[in-house]
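So the chains spell out like this:
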Amino acid sequence: CLQTSCRGGIFFAMSEQPPSPQRWKRLGSREVARTRIFSVESVDFHHPKRAKPQDFFVISAPDWVNVVALTPDHQLVLVRQFRYGTDDFSVEIPGGVIDAGEDPVAAGVRELCEETGYVGTSARLLGRVHPNPAMQNNRCHLVLVEGARPEARLDWDADEEFEIMTRPVDEVYQLAYAGGITHAMVLDGLLLFSPVWAELKESR
């Protein structure tokens, strides 16, 4: 039988079914760095079939919220802002950090209002995702706000600066498919909103 291998020292025959993954047991942890927005921990995990534990770095951060805001004339509210990680501008849906103890839907309504001045007639949770489970322990909550209108004053943080715009829903999806939207959490929001938009279009 032919053999196949990848780097890492584990080999399986092509016709052999690899074993199911085992759950590692979390042991102790030590904080190695703390910033204004997240902390980094060295966490020991023990695999049930290995003699010694192994340490992994875990980024601990508060949960986030991103908002799909739909206007009465079926446009989505977008923001364009400079992002320090990519050193470039990014087209996104509004969003931000959820305060401790804050309800995710309430946080979405707040972030939408603060960043764009838009206020909706209804809001609900579309879903939740883990931004990067390989090394982060937080979640991003995706919220849908309908009937969004620009009725409130902007309330930006000191380092926030946005270009606020609205675009027809289908145009936003075309932009995403063309690579004009690259923020993963924004694409998650558009993915979860897709069946809602399909139903709305059918009912028009």
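Cut-off values and rules
- Residues numbered from 1 in each chain as written.
- Predicted model: local features only at pLDDT ≥ 70, side-chain atom pairs only at ≥ 80, totals over all residues.
- Heavy atoms only, no water.
- Axes fitted to C-alpha atoms, helices over the stretch in contact; angles between N-to-C directions.
- Helix = DSSP H or I, 4+ residues; strand = E, 2+ residues; numbered from the N terminus.
- Left-handed = near helix turned anticlockwise from the far one by under 90°.
- Contact = heavy atoms within 4.5 Å.
- Nonpolar A, V, L, I, M, F, W, Y, C, P; charged D, E, K, R; others polar.
- Salt bridge = Lys/Arg side-chain N within 4 Å of Asp/Glu carboxyl O.
- Buried < 20%, exposed > 50% of the residue type's maximum accessible area, 1.4 Å probe, protein only.

## Overview of the packing of helix H2 (residues 169–177) against helix H3 (residues 184–203)
In step 1: For the pair H2 and H3, the least separation of the axes is 11 Å and the interaxial angle reads 145°. In the packing of H2 onto H3, the handedness of the crossing is left-handed. For the pair H2 and H3, the contacting residues are Val169, Asp170, Val172, Tyr173 and Ala176 in the first and Leu187, Leu190, Phe193, Ser194, Trp197 and Lys201 in the second.
In step 2: In terms of residue class, the contact of H2 with H3 is made up of eight nonpolar, one polar and two charged.

## Here's the deal with the pattern of salt bridges
In step 1: If you walk through the whole model with that rule in mind, you get twelve salt bridges.
In step 2: Here Glu92 and Arg83 are joined by a salt bridge, their closest N and O atoms 2.8 Å apart.
In step 3: On the basis of relative accessibility, which here comes to 3%, the residue Glu92 falls in the buried class.
In step 4: By relative accessible area, which is 33% here, Arg83 ends up partly exposed.
In step 5: A salt bridge links Glu111 to Arg110; the nearest nitrogen and oxygen atoms lie 3.1 Å apart.
In step 6: Assessed through its relative accessible area of 7%, Glu111 is described here as buried.

## Structural notes on the environment of Phe57
In step 1: Here Phe57 lies in strand E5 (residues 54–60).
In step 2: Expressed as a C-alpha distance, the spacing of Phe57 and Val43, which sit 14 residues apart in the sequence, is 6.2 Å.

In short, the description is geometric, and any link to function would need to be established separately.
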